[in-house]
Amino acid sequence: MVSKKSINFIAILVLTLFSVSSYGNSDKQEPGNPVNTAQEIKEYIAHHLKDSHDFHLFTHNESGTHISFPLPVIVWTSNGLKTFMSSAFHHDDSGSVIVEKGDTRLVKLHSKIYELDAGATTVAFDEHHHPENAHKVLDFSITKSVFGMLLAGLLMLLGFSALARGYKKGHSVPKGIGRILEPLVIYVRDDIAKPNIGEKKYRKFMGFLLTVFFFIWILNLLGLTPIGFNVTGQIAVTACLAIFTAVIYLFSGSKDFWKHTLWMPGVPVVLRPILAVIELIGFVLIKPFSLLVRLFANMTAGHFVVMSLIALMITMKESFGVVGSTGMSLVLALFISVIEILVAFLQAFIFTMLSSLFIGMAVEEHDHH
Amino acid sequence: METLLNDFSVGLFVMQAVILIILILLMRKFAWKPILDALQSREDGIQNALDSAENAKLEMQNLQADNANLLKEARAERESMLKEARELKNKMIEDAKTEAQAQANTMIAQAQAAIESEKKSAMAELKGHVAGLSLDIAEKVVRQELSNKDKQLELVESMLNDAKLN
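Quick look at the overall build of chain A now. Tallying secondary structure elements over chain A gives 9 helices and 9 strands in all. Across the 369 residues in chain A, those meeting the buried criterion constitute 38%. If you take every contact in chain A between residues at least 6 apart in sequence, the share linking residues at least 24 apart comes to 59%.

What follows is the structure, encoded as structure tokens:
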């Protein structure tokens, strides 16, 4: 039998695509009032897609208690560094709970931490619901995303150092988890790095490519679990990854690469400056931007669609009945989840593939013609 | 776009950069380097083993070809030796035959000569004997015949008769 708590847990995961109608703007959920309107579901999805400061597992609706564990908040305010546990906000996300640290008053609003201006005691909002007397702080908190990254990093370190130790012990054929990991490493090396960068130069970039591939893949997969990480759907995370790639290929560019980028041989001299501008914009801005947006958009969309399909169970209840909507939601969500497993790999693959392609372009040495 | 920029958290970006750098360094040190080195050395080992197997196969083939050649040569040599021996044998037999023939011929000739001379001397001796014997007989007969006058006359008579008849 499914316990009442897990039913609530599922209900909490539930969200929608078809949220057109609005039933007022209630930021705070009332006790005994589960997430079941289109608007609430929409907000729930939006909330999930954002980073959060505590690790929320589920909410017990009847008592209104949130089951979650707090994560450390580390913020750089105008009065210096402040650290406390996120439980100080009491799960408030509307800016009504004020945490006072010395002279600094901090509130959490839509998953962002704001510092109230000196003298202010409550948050005042303008007509767009933006706070008027508070500003954002530099937030180095161990948020859910950071926690996810640390978890993924830890998993990678454990798994791959086990594989490495296996080789050191003299087994040339890996045992245990290494049997799964070794072919993946070989895959990245032989099918992603070598063909794109070239046999001679690929070795230098393997550290970055392998790390990024497994980092993205593990985080994408973690995002599919009900724990609900959405790390690769954070634009800051994908931007960081893309900028790393850009920095690496810009700094390892060969003489030929810069010559071909800035002063393309074989085209009329008049066109060369124009080409140089286009190429520079391409390498410095467009290529990293395409990398960051592709990963971000794919993962965000994936989370959005899966959650929306689960939410069909509630939003379609009136039209199709309990069994109909649940069945439809189950089949569709299952279908999309299977696709998302593929997408999780595919996006890691594409990111690594394109990174190595760009690196390959930059390090290529042309035959002199 | 505004929401995207609003959602962009500089803090998260910094945390991600720090974590990623540390992770890349740690993974390189503890995982990727040993793993890639081990894979490389394993692949080199496999390649070497394959190469040496291929070499061994080639060597084996060469060796076999050599052996076949040697065998062929040995066979040819044996053949020629046998042929030579056969020729030698035939020649020796031939030589022996002619020599024997020649020797036999001379021996026959000598024997014949000896026989001839023996025959001659025997004949001469026989002739002597016969002559002596005849003389003796004639002497004896004459003596007997002449011992008596009548007889002598008779003889003369017969002889005269004979002479007449002649």
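Turning our eyes to something else, we now look at the interface of chain B and chain A. Contact with chain B, which involves 28 residues of that partner, is made by 36 residues of chain A. Contributing elements (two or more residues each) for the side of chain B that touches chain A: α1 (2–7) and α2 (10–146) of chain B. Here the side of chain B that touches chain A gets 24 residues from one element, more than from any other, and that element is α2(B). Broken down by class, the residue content of the side of chain B that touches chain A amounts to 22 nonpolar, 3 polar and 3 charged.

So, on to the nonpolar core. Within the largest apolar cluster, 78 residues are counted, with the highest numbers of intra-cluster contacts made by Leu209(A), Phe213(A), Phe215(A), Ile216(A) and Ile35(B). Each of domain 2 (72–141) and domain 3 (145–363) of chain A contributes no fewer than three residues to this core. What Leu209(A) contacts, discounting residues up to four positions off in sequence, is Val188(A), Ile192(A), Ala193(A), Thr352(A), Ser355(A) and Ser356(A). In this structure, Ile41(A), Ile45(A), Leu309(A) and Ala333(A) belong to the second largest nonpolar core, which totals 12 residues.

This part takes up the packing of helix α4 (residues 178–197) of chain A against helix α5 (residues 206–224) of chain A. Residue and element names in this part refer to chain A. The geometry of α4 relative to α5 is characterised by a closest axis approach of 11 Å and an angle of 115 degrees between their N-to-C directions. Considering how the two elements wind past one another, α4 and α5 form a crossing that is right-handed. Mapping the contact onto sequence places Val185, Val188, Arg189, Ile192 and Ala193 in α4 and Met206, Leu209, Leu210 and Phe213 in α5.

Glancing now at the sheet that holds strand β9 (residues 138–139) of chain A. Hydrogen bonds between backbone groups are what pair the strands of a sheet, and the pairing can be parallel or antiparallel. Read across the open sheet, the 3 strands follow the order β4-β3-β9 (chain A); overall the sheet is antiparallel. The open sheet has two edge strands, β4 (80–85) and β9 of chain A, and neither has a second partner.

With that out of the way, let us pick up the packing of α5(A) against helix α9 (residues 317–363) of chain A. Residues and elements named next belong to chain A. Two elements in contact, α5 and α9, have axes whose closest approach is 9 Å; the angle formed by their N-to-C orientations is 160 degrees. Taken as axis vectors, α5 and α9 run roughly antiparallel relative to one another. As for the relative orientation of α5 and α9, their crossing is right-handed in sense. Residues Leu209, Val212, Phe213, Ile216, Trp217, Asn220, Leu221 and Leu224 of α5 pack against Ser337, Glu340, Ile341, Ala344, Phe345, Gln347, Ala348, Phe351, Thr352, Ser355 and Ser356 of α9. For the contact of α5 with α9, the per-class residue count stands at 12 nonpolar, 6 polar and 1 charged.

Residues and elements named next belong to chain A. Here strand β1 (residues 54–60) runs beside strand β2 (residues 65–70); their pairing, made up of 6 bridges, is antiparallel. Its bridge partner being in β2, His60 is matched across the sheet by Thr65. Taken together, β1 and the strand that follows it, β2, pair antiparallel across an intervening segment of 4 residues, in which Gly64 is found at a positive phi of about 75 degrees.

So, about the domain arrangement of chain A. You can read the domains of chain A as domain 1 (4–67), domain 2 (72–141) and domain 3 (145–363). Each of domain 2 of chain A and domain 3 of chain A has a C-alpha centre, and the two are 33 Å apart.

Thresholds applied
Residues numbered from 1 in each chain as written. Chains lettered and ligands numbered in written order. Predicted model: local features only at pLDDT ≥ 70, side-chain atom pairs only at ≥ 80, totals over all residues. Helix = DSSP H or I, 4+ residues; strand = E, 2+ residues; numbered from the N terminus. Buried ≥ 20, exposed ≤ 12 C-beta atoms within 10 Å, placed from the backbone. Contact = placed C-beta atoms within 7 Å. Nonpolar A, V, L, I, M, F, W, Y, C, P; charged D, E, K, R; others polar. Core = buried A, V, L, I, M, F, W, Y, C linked by C-beta atoms within 7 Å. Domains from an automatic or database assignment. Axes fitted to C-alpha atoms, helices over the stretch in contact; angles between N-to-C directions. Left-handed = near helix turned anticlockwise from the far one by under 90°. Pairing = 2+ DSSP bridges. Parallel < 35°, antiparallel > 145°, perpendicular 65-115°, else oblique.

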